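# Structural characterization, general
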Amino acid sequence: MSPADYAILAATIFVASGLQGSIGFGAGLVAAPVIALVEPDLLPALVVMLACVVTLLVAVRDRAHLDVRGAGWALAGRVPGSVLGTWLVVVASTTALSWMVAVAVLVGIGSAFLGWRPARTRASLAVAGALSGVMGTATSVGGAPMAVIWQGLPPARIRATMSAFFLVGSLISVALLSFAGLVTPEVGRAFLILSPAVLAGFFASRWLNRFLDAGRLRLVGLLAAAGGAVVLAVRLLAG
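A brief report on the enclosed structure follows. From a predicted model like this one, the values you see are computed outputs, not experimental measurements.

Looking now at the environment of Ala64. Along the polypeptide, Ala64 turns up in the loop between α3 (45-61) and α4 (68-91). A relative accessible area of 73% means that Ala64 is categorised as exposed. Separated by 92 residues in sequence, Ala64 and Ala156 have C-alpha atoms that sit 8.8 Å apart.

As C-alpha cells, this is what we get:
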C-alpha cells in the first residue's frame, strides 16, 4: 500500500477506535468498509487484530462494571460462530467478502436504529454470541448482535461487558484465522503501522466523552459507517 493508503486507514482506525472507546462497539462498522475499499485483502484479519487492542484497553478501564455471567453465556455461542465464520472466509472470494461486509454493516446499523430489545436470557445471549462470531470472524463486523442484546444497560456496563466479550472473541477469531493462513505478513505489517492510531483513538474517546453526548457520538459513528457501506456497495456494483 502507498503512504496515502496508510494515512486513510490510520484516520479511519482513529475514528473507529474512538467510537469503540465511547460506546463499546462500532470499530468494525466504521473501519471495515473503508479497508474493503482501500485494500480488501486485509479483511477480516486486520480489523479483528486491531479490535484486540482497543477492547483490551476499554475492558481494563471499565472492568469494575463488567457483567461476567452475561459475557460468559455470549462467549459460549461465540466459539462455534467463529469456526463457521472462518470457513466462510476460506471459501468466499474477495468480492463476496466485500459484499458480506457491506450487508453486515447495513444490517447492524438498521438494528441499532430500530431499537429492537429482545429479552436477555441465557439462550438469547448465546444466540447473539454465535451470530457475532460468524459476522465478526467473516467480516470483522460483529458488534450489532451484541449491541442489540445489551442495549438499555448503563453505558459503563455496556462498554465493559462488550469489550470483555469482544476481547476474548477476537482472540479466538485471530487464532482461527491464523490457523487458516489468513494472517499474512502484509496484515501483520499493517497491524504494527496502524496500532498507534488505535491508541490515539482510545485516548481521544476519554477526552471527547467529557464534552460530547454519547448518543450524538453514536449517531455520528453509525452514519459514518452507513456512508462507508453505501460507497462500498456502489463500488462493487460499478465494478
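Another aspect to go through is the pattern of salt bridges. The full count for this structure, using the stated rule, is 2 salt bridges. Residues Arg159 and Asp62 are paired through a salt bridge, measuring 3.0 Å at the closest nitrogen-oxygen approach. With Arg159 in helix α8 (residues 155-179) and Asp62 in the loop between α3 and α4, this pair connects stretches of sequence that are 97 residues apart. Just as Arg159 is buried, Asp62 falls in that class too. A cluster of three or more residues bridged by salt bridges with shared partners is formed by Arg61, Asp62 and Arg159.

Rules and cut-offs
Residues numbered from 1 in each chain as written. Predicted model: local features only at pLDDT ≥ 70, side-chain atom pairs only at ≥ 80, totals over all residues. Heavy atoms only, no water. Helix = DSSP H or I, 4+ residues; strand = E, 2+ residues; numbered from the N terminus. Buried < 20%, exposed > 50% of the residue type's maximum accessible area, 1.4 Å probe, protein only. Salt bridge = Lys/Arg side-chain N within 4 Å of Asp/Glu carboxyl O.

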